[in-house]
Amino acid sequence: MRAHPFPATFPAPVPPGAELAFYLVFGAFVVAMVVLAVVTITWAVRRDREGRAAWVRRHRPGVVPDDRTVHPPMTNGHGPRDHSGTTAEDPE
């Protein structure tokens with residue numbers, strides 16, 4: 001009969017500080033994930049409230065829409081296209 005490659009005390013004994021180190025690192029990870037979730041949810045709720053308030057302001061009766069809120073300026077360096085298919089920067 002062959003001998004088992006592991007000793008009779010399987011699983012192997014854990015070094016004295018390994019459990020404490022694991023619990024500290026895992027606890028820090030859990031705290032970081034909770035903080036990240038709270039910050040993300042707070043940011044999303046704040047942006048949603050601002051967007052809804054702006055939408056309500058734009059859709060009140062008697063409010064003349066501002067062209068900047070209806071068509072916000074482009075940020076990629078291109079102007080809006082007119083119906084002819086040319087951009088506003090074209091000198092034609």
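Notes on the structure in this doc start here.

Definitions and limits used
- Residues numbered from 1 in each chain as written.
- Predicted model: local features only at pLDDT ≥ 70, side-chain atom pairs only at ≥ 80, totals over all residues.
- Heavy atoms only, no water.
- Patch = residues over 30% accessible without salt bridge, like charges linked within 9 Å, V, L, I, M, F, W, Y side chains within 5 Å.
- Areas by Shrake-Rupley, 256 points an atom, 1.4 Å probe, with all protein chains shown as cover.
- Salt bridge = Lys/Arg side-chain N within 4 Å of Asp/Glu carboxyl O.
- Helix = DSSP H or I, 4+ residues; strand = E, 2+ residues; numbered from the N terminus.
- Buried < 20%, exposed > 50% of the residue type's maximum accessible area, 1.4 Å probe, protein only.
- Phe/Tyr/Trp six-rings, centres within 6.5 Å; stacked < 30°, edge-to-face > 60°.

## Re a nonpolar patch on the surface
Here is step 1: Together, Phe 22, Tyr 23, Phe 26, Phe 29, Val 30, Met 33, Val 34, Leu 36 and Val 38 make up an exposed nonpolar region whose accessible area comes to about 910 Å².
Here is step 2: As for its position among the elements, Val 30 is in helix 1 (residues 18-58).
Here is step 3: Taking the relative accessible area as the measure of exposure, Val 30 reaches 36% and is therefore partly exposed.

## So, the pattern of salt bridges
Two side chains of opposite charge can pair, provided their charged atoms sit close to one another.
Here is step 1: Tallying each qualifying case throughout the model produces 1 salt bridge.
Here is step 2: Here Arg 52 makes a salt bridge to Asp 48, at a shortest N to O gap of 2.8 Å. Placement of both Arg 52 and Asp 48 in helix 1 is noted, with a separation of 4 residues, approximately one turn of the helix.
Here is step 3: Judged by relative accessible area, which is 38%, Asp 48 ranks as partly exposed.

## Let's talk about the packing of aromatic side chains
Here is step 1: If you walk through the whole model with that rule in mind, you get 2 aromatic pairs.
Here is step 2: Consider the rings of Phe 22 and Tyr 23, whose centres lie 5.5 Å apart with planes at 65°: the pair is edge-to-face.
Here is step 3: Since its relative accessible area comes to 49%, Phe 22 is described here as partly exposed.
Here is step 4: With a centroid separation of 5.7 Å and an interplanar angle of 15°, the aromatic rings of Phe 22 and Phe 26 are classed as stacked. Here Phe 22 pairs with Phe 26, and both are found in helix 1, just 4 residues apart, close to one helical turn.
Here is step 5: Taking relative accessible area as the criterion, Phe 26 reaches 44% and is therefore assigned partly exposed.
Here is step 6: Linked through ring pairs, Phe 22, Tyr 23 and Phe 26 together constitute an aromatic cluster.

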